[in-house]
Amino acid sequence: MSLLDISGLSLSIGALPILRDVTLSIAAGEILAVTGESGSGKSMTALAVMRLLPQVAKTRGAIYLEETELCALSEDDMCRRRGRDIGMVFQEPMTALNPVMTIGAQVMETIQIHTDMTRAEAEVEAARVLTRVGLPPDRFALDRYPHELSGGQRQRVVIAMAIALRPKLLIADEPTTALDVTTQAQILDLLRDLVRETGMGLMIITHDLAVVAGLADRIVVMRNGEVVERGPTMSVLTHQRHPYTRMLFQASRHRVTLPAARQARSPLLEVRHAVRDYPTARPHLFAKHGRFRAVNDVSFTLHRGERLGLVGESGCGKSTLTRAILGLEGLQGGELLLNGQPLSQKRSPAERQAMQVVFQDPFGSFNPRHRVERLITEPFHSAADAPTGRNREDMVAQVLSDVGLRPEDAQKYPHQFSGGQRQRIAIARALITRPELILFDEAVSALDVSVRARILDLIADLCRAYGLTYLFISHDLSVVREICDRVLVMQNGEIVEDGPVAQVFAAPQHSYTRRLLAAAPVLPDMTAEDDTAGAPA
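As the structure is a computational prediction, the values presented were derived from the model and not from experiment.

K.L.:
Can you explain the overall build of the protein? Please cite residues and give values.
P.N.:
Scanning the protein from terminus to terminus reveals 20 helices and 21 strands. Against the 2.2 N^0.38 benchmark of 24 Å for 537 residues, the protein shows a C-alpha radius of gyration of 24 Å, consistent with a compact globule. With respect to the principal axes defined by its C-alpha atoms, the protein has extents near 70 × 60 × 45 Å. Split into buried and exposed, the 537 residues of the protein put 53% on the buried side. Of the contacts made within the protein by residues no fewer than 6 positions apart, 70% connect residues no fewer than 24 positions apart. Within the structure as shown, the protein displays about 23,600 Å² of accessible surface, and the carbon and sulfur contribution to it stands at 49%. Charge separation in the protein, taken as the distance between the mean sites of 60 positive and 63 negative side-chain charges, equals 3 Å.

So, in structure tokens, the structure goes:
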């Protein structure tokens, strides 16, 4: 018998079927990737293994961990299994961690719940586990809080909690989606090493086929709650027998056709010697005199009609610089100019309308109680000459059509849309004032590959229709390669490389840029065969 055996698992919530006859297995020491688009049933399969389903969920089928049928266990018995025999790493570590507990206390809690260790013994074990995941106490004290760590460091804490008791099975649900390429590579290497050292089985849930190609022994492809293809990783990626697998593969290798950039462009945004410091209570490599320099003497010019990318690891200063450009944070030094005029400390209504932003998580930036029409017209709220009546309705209908939605969608609420549709609404909100500059802040990093491809195509189409000028902030180098003319590379608060995308990606000059490119996962160069061999389930 395998370590984990799922046989004929079906799941419904009310009258809605979620999983249909899912069967899969994982051996000890094996890495199984479960992939598919959002809504395919990947995460619900993992939650079924953990017995963390909604109370109204109805299941049938069997889930065995070695010889134990998990579905037959009482809740008390299952609680003893969670953490001890099965560990889980969630996508968003800041949500998984308790913000008012130190990282040491959270790892110790897992240990003390399942063992009879004293507090002192649990603290020693917590220090050992945190050291194993790359957070040694001499550099990352156990009394630190989650907000004092970067995204990658917080994910390491979650992994430490999940492996503290050396579980037989580890489930990792999109563990690297929001991480930059170098941090992602480190987390994937860590997971691979843990499997080799402990012999645990690993189920990794991801929509990123490039991650799958470099990590997993076998792949299970899910669509609409069903397994449509399975097999050894290279076999599945090479043959792609099911049309859906082929579509995922093609979306992962998607290429965007941008309109040619205009020549003889005038400067639109100028950043001159920008400096941003934060007070810090803890020692830091880049902190001086109790202050941490997040942005250090940054200068660049964004020309009208240009599509500029900004890349770098988490903590490099990208988001701080973005907030400063938007007027959400002040600078301690330097200046920002729009159309040659210094931007005021408190942005005027005209300056706010001239610059709009599309955030990573549109749902988090929407008021769930407001209809789409009100959400899209939010940029008009501070305008003295905001359109009203039929003119306003026509503008909403037009911008919704421009982003591929219907005019009648204006009367719906955010929860009635998919993730990709919500991102279209966020783009519509940014376009409604016809801004001179749009900032895309990790605007596609949380989307699965097929939705991401459609959003990138949309941005390319809008470039033609609106003549967009934008700053595209992303940790995904493949996206920046497709959607930008020029790229800035940021490290430790400084711009270390600046040049045309093709030139920088083909012949990077800075060692940090070369390291970023080397860390990015890449799909192998394979040609899909026809589907005459059938579509194994």
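K.L.:
Please set out the sheet that holds strand S2 (residues 16–26) residue by residue, giving values where relevant.
P.N.:
A sheet is described by the order of its strands in space; here four strands give the open sequence S2-S1-S4-S5, paired in antiparallel fashion. The sheet terminates laterally at S2 and strand S5 (68–69), the two strands that pair on one side only. Each of strand S1 (4–13), S2 and strand S4 (57–65) touches helix H1 (residues 42–50); the most contacted strand, S1, lies at about 110° to it.

K.L.:
Account for the confidence of the model for the protein, naming residues and giving values.
P.N.:
Summing up the model confidence of the protein, the mean pLDDT is 89 and the portion of residues at 70 or higher is 95%. Across residues 528–537 the pLDDT falls below 50, and counting only partners more than four positions away or on other chains, this stretch makes 22 contacts in the model.

K.L.:
Explain the sheet that holds strand S7 (residues 169–173) to me, and be specific about the residues and the numbers.
P.N.:
Each strand in a sheet pairs with another by means of backbone hydrogen bonds, the pair being arranged parallel or else antiparallel. An order of S6-S7-S8-S3-S9-S10 is seen for the six strands of this open sheet, with the pairing classed as mixed. The sheet terminates laterally at strand S6 (86–89) and strand S10 (226–232), the two strands that pair on one side only. Across the sheet, the mean angle separating the axes of adjacent strands is 15° when strand polarity is ignored. Where S7 meets strand S8 (residues 201–205), five bridges bridge the pair, whose relative direction is parallel. From the neighbouring strand, Ile 171 faces S8, where its bridge partner is Met 203. On the sheet, helix H7 (residues 181–198) packs against strand S3 (31–35), S7 and S8 and is oriented at approximately 155° with respect to S8. The sheet contacts of helix H10 (residues 243–252) involve strand S9 (218–223) and S10, and relative to S9 the element is tilted by about 105°.

K.L.:
Quick rundown of the environment of Leu 149? Include the residues and the values.
P.N.:
Tracing the sequence through the fold places Leu 149 in the loop between helix H5 (119–132) and helix H6 (151–163). C-alpha of Leu 149 to C-alpha of Leu 471: the two residues are 322 residues apart in sequence and 26 Å apart in space.

K.L.:
Which residues make up unusual backbone geometry, and what values go with them?
P.N.:
Its identity is not glycine, yet Arg 51 carries a phi of approximately 60°, on the positive side. Here Arg 51 shows up in the loop between H1 and S4. With a phi angle near 50°, Asn 492 is a residue other than glycine that sits in the positive phi range. The residue Asn 492 is located in the loop between strand S20 (486–491) and strand S21 (494–500) in this model. What makes Asn 492 partly exposed here is its relative accessible area of 36%.

K.L.:
Report on the state of the cysteines, specifying residues and quantitative values.
P.N.:
Throughout this description, disulfide means a covalent bond between two cysteine sulfur atoms. Applying the stated criterion across every chain, the model contains zero disulfides. Considering cysteine sulfurs only, Cys 484 is the nearest to Cys 316, which forms no disulfide, with 15 Å between them. According to the relative accessible area criterion, Cys 316 is buried, its value standing at 4%. With no disulfide of its own, Cys 463 lies closest to Cys 484 among cysteine sulfurs, the gap being 9.3 Å.

K.L.:
I'd love a proper account of the pattern of salt bridges, names of residues and values included.
P.N.:
Going through the model one piece at a time under the given rule, you end up with 27 salt bridges. Among the salt bridges present, the one from Glu 335 reaches Arg 272, with a minimum N-O distance of 3.3 Å. Separated by 63 residues along the polypeptide, Glu 335 in strand S15 (residues 333–338) and Arg 272 in strand S11 (residues 267–279) bring together distant segments of the chain. By relative accessible area, Glu 335 is classed as partly exposed at 33%. The shortest N-O distance in the salt bridge between Arg 323 and Glu 329 comes to 2.5 Å. Judged by relative accessible area, which is 30%, Arg 323 ranks as partly exposed. A residue is classified by how much of its surface remains accessible, and Glu 329, at 18% relative accessible area, is buried. Among the charged side chains, a salt-bridge network with shared partners connects Arg 406, Glu 408, Asp 409 and Lys 412.

K.L.:
Talk me through the nonpolar core; I want residue IDs and the actual numbers.
P.N.:
For soluble globular proteins, nonpolar side chains are generally found buried alongside one another. If you look at the biggest cluster of nonpolar residues, it comprises 56 residues, and the most contacted ones within it are Val 107, Leu 130, Val 133, Val 157, Ile 159, Ile 163 and Leu 170. Ranked by residues supplied to this core, first place goes to H6 with seven residues. Those residues in contact with Leu 170 that lie beyond four places of it in its chain are Gly 87, Met 88, Val 89, Ala 162, Ile 163, Leu 191, Met 200, Gly 201, Leu 202 and Met 203. In terms of nonpolar packing, the next biggest core, distinct from the first, is built from 55 residues, Leu 400, Ile 459, Leu 462 and Tyr 470 among them.

K.L.:
Which residues make up the domain arrangement of the protein, and what are the values?
P.N.:
Splitting the protein by domain gives domain 1 (31–42 + 81–253) and domain 2 (267–519). Summarising the inter-unit geometry, the C-alpha centres of domain 1 and domain 2 are found 29 Å apart. Taken residue by residue, the interface counts 17 residues in domain 1 and 18 residues in domain 2. Taking both sides of the interface into account, the surface hidden between domain 1 and domain 2 amounts to around 1,600 Å²; carbon and sulfur atoms contribute 52%.

Each value, and the rule that gives it
- Residues numbered from 1 in each chain as written.
- Predicted model: local features only at pLDDT ≥ 70, side-chain atom pairs only at ≥ 80, totals over all residues.
- Heavy atoms only, no water.
- Helix = DSSP H or I, 4+ residues; strand = E, 2+ residues; numbered from the N terminus.
- Rg over C-alpha atoms; globule rule 2.2 N^0.38 Å.
- Buried < 20%, exposed > 50% of the residue type's maximum accessible area, 1.4 Å probe, protein only.
- Contact = heavy atoms within 4.5 Å.
- Areas by Shrake-Rupley, 256 points an atom, 1.4 Å probe, with all protein chains shown as cover.
- Lys, Arg positive; Asp, Glu negative; His and termini not counted.
- Charge placed at Lys NZ, Arg CZ, Asp CG, Glu CD.
- Pairing = 2+ DSSP bridges.
- Axes fitted to C-alpha atoms, helices over the stretch in contact; angles between N-to-C directions.
- pLDDT = per-residue confidence, 0-100.
- Disulfide = S-S within 2.5 Å.
- Salt bridge = Lys/Arg side-chain N within 4 Å of Asp/Glu carboxyl O.
- Core = buried A, V, L, I, M, F, W, Y, C linked by side-chain atoms within 4.5 Å.
- Domains from an automatic or database assignment.
- Buried area = accessible area lost by both parts, 1.4 Å probe.

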